[in-house]
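Examining the three-dimensional arrangement
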Amino acid sequence: MRTIHRSVAACAIALGAALVTVPSASASVEPAKPVPTTSTGGVTTQNANGCSEKTCIDIDGNKLYVRNVTTSTHPVSGARCYHIDWLGHSKGVSKLHGIHHYQTCTPTPANQKTLWSNWYANKNFPNGYKVCVHWRVLKKGKGQHWTGIPGQPCETIHK
């Protein structure tokens, strides 16, 4: 199986960026390394990636098999916690539903320019399945509530 790994480097990457790896319910923070990227517009024999506003998505896989889905966004000033929703729907269905969720309250260093998170899907999806990602932030202070970070990029998985 030929697979080429690409990053969501389309969103501003800086040497001070961090990578949040989400294998299941735990996370780790590591330095991120900038990697060249191109957009394919869908998963075929290569990966797919794209950005919407401040949020990016990168799908690593081959045809209908998805190894992992990486997402990135920019940190929000005063953030206490971040929540990431991976959403999806089958071809012909218009309503998105949650397929994976993750939340972290790890402090963000002041010089960090990009937040990253990976979902290791390691599974096949139906032909035409759309995968999207949406980030929310909980800020410090009184009257706390979750606020969406601009952008909800999507990619369609197909043969």
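Cut-offs and rules
- Residues numbered from 1 in each chain as written.
- Predicted model: local features only at pLDDT ≥ 70, side-chain atom pairs only at ≥ 80, totals over all residues.
- Heavy atoms only, no water.
- Salt bridge = Lys/Arg side-chain N within 4 Å of Asp/Glu carboxyl O.
- Buried < 20%, exposed > 50% of the residue type's maximum accessible area, 1.4 Å probe, protein only.
- Helix = DSSP H or I, 4+ residues; strand = E, 2+ residues; numbered from the N terminus.
- Core = buried A, V, L, I, M, F, W, Y, C linked by side-chain atoms within 4.5 Å.
- Contact = heavy atoms within 4.5 Å.
- Phe/Tyr/Trp six-rings, centres within 6.5 Å; stacked < 30°, edge-to-face > 60°.
- Lys NZ or Arg CZ within 6 Å of the ring centre and 35° of its normal.
- Disulfide = S-S within 2.5 Å.

This part is about the pattern of salt bridges. By the definition in use, this model includes two salt bridges. For aspartate 60, the salt bridge is made with arginine 67, and the minimal N-O distance between the two is 3.5 Å. Residue class for arginine 67 comes out partly exposed when judged on its relative accessible area of 29%. For the salt bridge of aspartate 85 with arginine 136, the shortest nitrogen-to-oxygen distance reads 3.2 Å. Of this pair, aspartate 85 sits in strand S6 (residues 79-89) while arginine 136 sits in strand S10 (residues 129-139); the two residues are 51 residues apart in sequence, bridging distant segments of the chain. By relative accessible area, aspartate 85 is classed as buried at 8%. A relative accessible area of 26% places arginine 136 in the partly exposed class.

A few words on the nonpolar core. It is characteristic of soluble globular proteins that their nonpolar side chains tend to be buried jointly. Within the largest apolar cluster, 21 residues are counted, with the highest numbers of intra-cluster contacts made by Val66, Val69, Tyr82, Trp86, Phe125, Val131 and Trp135. No other element matches the five residues that S10 contributes to this core. Not counting residues up to four positions away in its chain, the partners in contact with valine 66 are Ile59, Asp60, Gly61, Ala121, Asn122, Lys123, Phe125 and Ile157.

What follows is about the packing of aromatic side chains. All chains considered together, the criterion is met by four aromatic pairs. Between tryptophan 119 and phenylalanine 125 the ring centres are 6.4 Å apart and the planes differ by 80°, which places this aromatic pair in the edge-to-face class. Tryptophan 119 gets classed as buried once you look at its relative accessible area, which sits at 6%. Assessed through its relative accessible area of 6%, phenylalanine 125 is described here as buried. Consider the rings of phenylalanine 125 and tyrosine 129, whose centres lie 5.1 Å apart with planes at 40°: the pair is tilted. Relative accessible area serves as the criterion here: at 6%, tyrosine 129 is assigned to the buried category. One aromatic cluster is present, built from ring pairs that chain together Trp86, Trp119, Phe125 and Tyr129. For the cation-ring pair, arginine 136 lies above tryptophan 146, with the distance from its terminal atom to the ring centre recorded as 5.9 Å.

A complete count under the given rule lists three disulfides for this structure. Between the sulfur of cysteine 81 and that of cysteine 105 lies a disulfide, 2.0 Å long from S to S. For the disulfide bridge between cysteine 81 and cysteine 105, the dihedral angle about the S-S bond is near 105°, and by the sign convention the bridge is right-handed. With cysteine 81 in strand S6 and cysteine 105 in the loop between strand S7 (97-104) and strand S8 (115-119), this residue pair connects regions lying 24 residues apart in the sequence. The side chain of cysteine 132 participates in a disulfide bridge whose partner is cysteine 154; the two sulfur atoms lie 2.0 Å from each other. Taking the sign of the S-S torsion, 105° for the link of cysteine 132 and cysteine 154, the bridge is right-handed. With a gap of 22 residues between them, cysteine 132 in strand S10 and cysteine 154 in strand S12 (residues 154-157) connect regions that are remote in the sequence. Cysteine 132 gets classed as buried once you look at its relative accessible area, which sits at 0%. Here cysteine 154 falls in the partly exposed class, since its relative accessible area comes to 29%.

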